[in-house]
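Analysis of the macromolecular model
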Amino acid sequence: MAPSKISRRSFCASCAGIATFAGARKSNGNQTALPEGDARTPIIARYFPDRVHEFVWRNWNAVDTAKLSGVLGASVAEVTNMARSMGLPPQVPIPIDMKQRGYVTILRRNWHILPYEQLLSLVEMTPEALDFALREDDFLWVKLGGLKPKCEPLRYRPPDETAQRRAAEIRQIVETDFGEEILRPGEARFEFFRKLSAFTTAGTTQADHPQPAPLRIVYPYGIAYGEPLLDPKLNTYSEGLLERLSATGANGIWLQGVLRNLAPGGETFPEFGRGSETRLANLQILVERAARHGIGVYLYLNEPRAMPEAFFKTRPELAGVHEDGYAALCTSQPAVREWIAEALAYVFSHAPGLAGISTITASENLTNCASHFHAEKCQRCRIRSDTDIFVELVAAMEEGIHGVSPQANVIVSDWGWRRHGDAVDIIERLPKKVWFLSVSEWAKPIERGGIKNKVNEYSISAVGPGPRATRHWTAARQCGLKIVAEVQFNNTCECASLSYLPVMDLIAEHLHNLKQFQLDGMFIGWTQGGYPSPNFEIARRMTLAPDAGPESILDHLAHERYGSAAAPRARKAWTLMSEAFRQYPFDIDVVYTAPVQIGPANPIYSFNTGYRASMWGFPYDDLEGWRGPYPPEIFAQQFDRVADGWQPGAEELRAAALMVPESHRETVGGDLRFARAAGIIFKSTANQARFIMAREILAKPLWDSLNGQPAEVRRQTLGELKQCLKSEIELARQLFIIAREDSRIGYEPTCQYFFLPLDLVEKVINCRWLLAQYENPGFS
């Protein structure tokens, strides 16, 4: 997938995904055909003895050994012996959550190893379930690159002498570089969810935590995204999690909803509504549970969802814009709007107390005919404006909801309107009972490394608000609408694999800047940003004490969290890391495709793989895709600047952590792990960029080298390349220990685990193998 120039909820990304889905597909007899896309040869990790060893390594302590042996057609003893031969630690019990909440992690790490048939066995999914997940689970197919590599079936065979020799070499690397550390027990993955689910104080209610009056809506951290209402044991949120969110100021939570799964379609759409009884029953349980903590539940809706073209064979008059095998349900047809209104009325009548919805009418999902800017392709909508189409759709939603639940909030986002351009005329025609939402920092001008740009995705490094939100909030307020800011306080795609970034000064600055707008609410972060963190606490305190300045709020938070002795050093650390983060080379391509989520867990390749980086999936070695508008050297330079400025802040925080009272050490230890991990990831991103630049120079013929000094240039470049590899080894070793100790590190709710601790051990093996090649006297 070519990186797009728009947001994570990306038009280009979604269209690429839908187009590929509609293309070549893998047939399973009478079963669902799974997508293949532009299938090509998989990438094989050459530093392993063979693909079977690679498979065992990648899945060790992530999938049960019995399952691995079944997939390979081997015995448990054979798989265990293979793992032992490479120096892997003993198998530990696999958390049930890894199967239930970690299937995306397992799919991603086996995407280049197994064909579909064996993948289905490994994750224990039917073709239908996997097909649905690839399409509907936050654009998983796009994250996986919009293609399935052509993997041959993998079967166990006893290792030959060459394979045994290489396995022994790997074992020696593991023992030398990690020693006893590889055997030390770590925190089980998903353990953070158990901790969040535990009550902190028995009987705590919302009344125990004074709440800000404005809305504070978050996505509850750790909750599965795709079908959150089908399994109450898994996805109805725990009292402990809700309590913690309430304590940090949240009074709303959101979850994805697909309207055709929540309500019947009547005579017009008899296919709709299957399973709606279960979903709505669980939704009502969640509404009641959340209410005990003063939290309202909101559905996030993109409606009406497009349907396969075959759906319209008996109702062609309802089809609107066609897009790669799908067609919009045309909202210029009264029957479609009537169903939307009736379906929402049905949902709100069967889930009394549901707080409201948040909706985007121009999202990555094809919905109405104007949602992807091609209304002219519909015979009805081509004579209408996008304003007419959007406003009519919102009016149908508002009518359906407020007809049965007048107190519910209908929050309408300007995301995507006019390709993120001016949309004041749409705002002026919205129903007067809706709330208006805009992303605060969007379109803010920035300059990084001398390169001018504008914020085109969620950002913390660029402090909002930007001109678009400012203009739109002003227009909405003049129209009598309540206004909401979508803001990011914990993290963003800038580094989403850490629960929160300790850049408190930037958070406080953004909140201070927003005071003048007298907002009615905040939609805080996307799926990755909902951890009950100290960053949230800043927002709560600044709302409760509007006259207090940012410095005062941060000083008080530092004293409470670190104690009086350590507070000054914590404050200095926050400021140093905040200032360093302002150097981040922000662009949508950077935050989507560069290795800023996984850092040193990304393998390094001695050759150009030819694969394009995917959105939040595989960075590969696609520096051209990673860098966005920044020249390669500026891209690497800026990440070096972030890392170099970040490191003193992390050291200050380490010093502060040594001074805190015993009762604070576990909490402060988490702050320090996130700070150290972030610095490692930023430095690794710079390393990888510099490695690729050096690799490309060395790949040129001697007479094409720089400055007319081929031999000297190659020696210098080779030295830089080897230094990058040595730095990556050290960073991977450091991050292995940090990640092993904290199950939050590497996790994001939709992508699940971007990386696992053993991926960092693999990176050391990867780099040692490359160093051996480059240090070979025969290399030139």
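Heads up: the structure comes first, above all this text.
What this report covers is the structure whose coordinates are included nearby. All values reported here derive from a predicted model rather than from experimental measurement.

What counts as what
Residues numbered from 1 in each chain as written. Predicted model: local features only at pLDDT ≥ 70, side-chain atom pairs only at ≥ 80, totals over all residues. Heavy atoms only, no water. Helix = DSSP H or I, 4+ residues; strand = E, 2+ residues; numbered from the N terminus. Expected span 1.5 Å × (residues − 1). Buried < 20%, exposed > 50% of the residue type's maximum accessible area, 1.4 Å probe, protein only. Pairing = 2+ DSSP bridges. Disulfide = S-S within 2.5 Å. Salt bridge = Lys/Arg side-chain N within 4 Å of Asp/Glu carboxyl O. Axes fitted to C-alpha atoms, helices over the stretch in contact; angles between N-to-C directions. Contact = heavy atoms within 4.5 Å. Parallel < 35°, antiparallel > 145°, perpendicular 65-115°, else oblique. Left-handed = near helix turned anticlockwise from the far one by under 90°. Nonpolar A, V, L, I, M, F, W, Y, C, P; charged D, E, K, R; others polar.

1. Some words on helix α29 (residues 757–774)
Given a rise of 1.5 Å per residue, 18 residues ought to cover 26 Å, and the 27 Å separating the end C-alpha atoms of α29 matches this to within 8%. Among the 18 residues in α29, 14 count as buried, and that is most of the element.

2. Focus: unusual backbone geometry
With omega at -10 degrees, the peptide bond leading from Glu303 into Pro304 counts as cis. Position of Pro304 among the secondary structure elements: in the loop between β5 (296–301) and β6 (307–308). Between Gly464 and the following residue, Pro465, the backbone shows a cis peptide bond with an omega angle of 5 degrees. Its place among the elements puts Pro465 in the loop between β13 (451–454) and α19 (467–478). Residue Arg419 is not a glycine yet carries a positive backbone phi of 50 degrees. Judged by its relative accessible area of 55%, Arg419 falls in the exposed class.

3. Focus on the sheet that holds β6
Read from one edge of the open sheet, 3 strands run β6-β8-β7, paired in antiparallel fashion. Strand pairing shows two members of the sheet lacking a second neighbour, β6 and β7 (319–323), which therefore form its edges. Relative to strand β8 (residues 326–329), β7 is paired through 3 bridges, and the arrangement is antiparallel. Residue pairing across strands places His322 opposite Ala327, the latter belonging to β8.

4. Some words on the state of the cysteines
For the coordinates displayed, the defined rule picks out 0 disulfides. Lacking any disulfide linkage, Cys369 is separated from the closest cysteine sulfur, that of Cys381, by 3.8 Å. Cysteine Cys495 is unpaired, with the sulfur of Cys493 as its nearest cysteine sulfur at 11 Å.

5. Concerning the pattern of salt bridges
Throughout the structure, instances matching the rule amount to 58 salt bridges. The salt bridge partner of Arg135 is Glu136, with a shortest N-O separation of 3.3 Å. Note on Arg135: relative accessible area 25%, which makes it partly exposed. Where Arg571 meets Asp505, a salt bridge forms, and the shortest distance between an N and an O atom there is 3.5 Å. Here the residue Arg571 occupies a position in helix α23 (residues 567–581), and Asp505 occupies one in helix α20 (residues 504–514), the gap between them amounting to 66 residues. The same class applies to Arg571 and to Asp505, which are both buried. The network of salt bridges with shared partners includes Asp131, Arg135, Glu136, Arg260 and Arg305.

6. Focus on the sheet that holds strand β4 (residues 252–256)
The strand order β3-β4-β5-β9-β10-β11-β14-β15 describes a closed barrel built from 8 strands, whose pairing is parallel. Adjacent strand axes in the sheet meet at a mean angle of 25 degrees, parallel and antiparallel pairs treated alike. The pairing of β4 with β5 spans 5 bridges and is classified as parallel. Looking at the pairing, Trp254 lines up with Tyr298 of β5. Together, β9 (356–360) and β10 (409–413) form the strand contacts of helix α17 (residues 386–404), whose direction differs from that of β10 by roughly 165 degrees.

7. Considerations on the packing of helix α21 (residues 534–544) against helix α22 (residues 550–562)
Put simply, α21 and α22 touch, their axes get as near as 10 Å, and they point 130 degrees apart. If you check the angle between α21 and α22, you find them oblique. Along this stretch, α21 crosses α22, giving a crossing that reads as right-handed. On α22, the residues that touch Pro534, Glu537, Ile538, Arg541 and Met542 of α21 are Pro550, Ile553, Leu554, His556, Leu557, Glu560 and Arg561. Among the residues making up the contact of α21 with α22, the classes are represented as 7 nonpolar, 1 polar and 4 charged.

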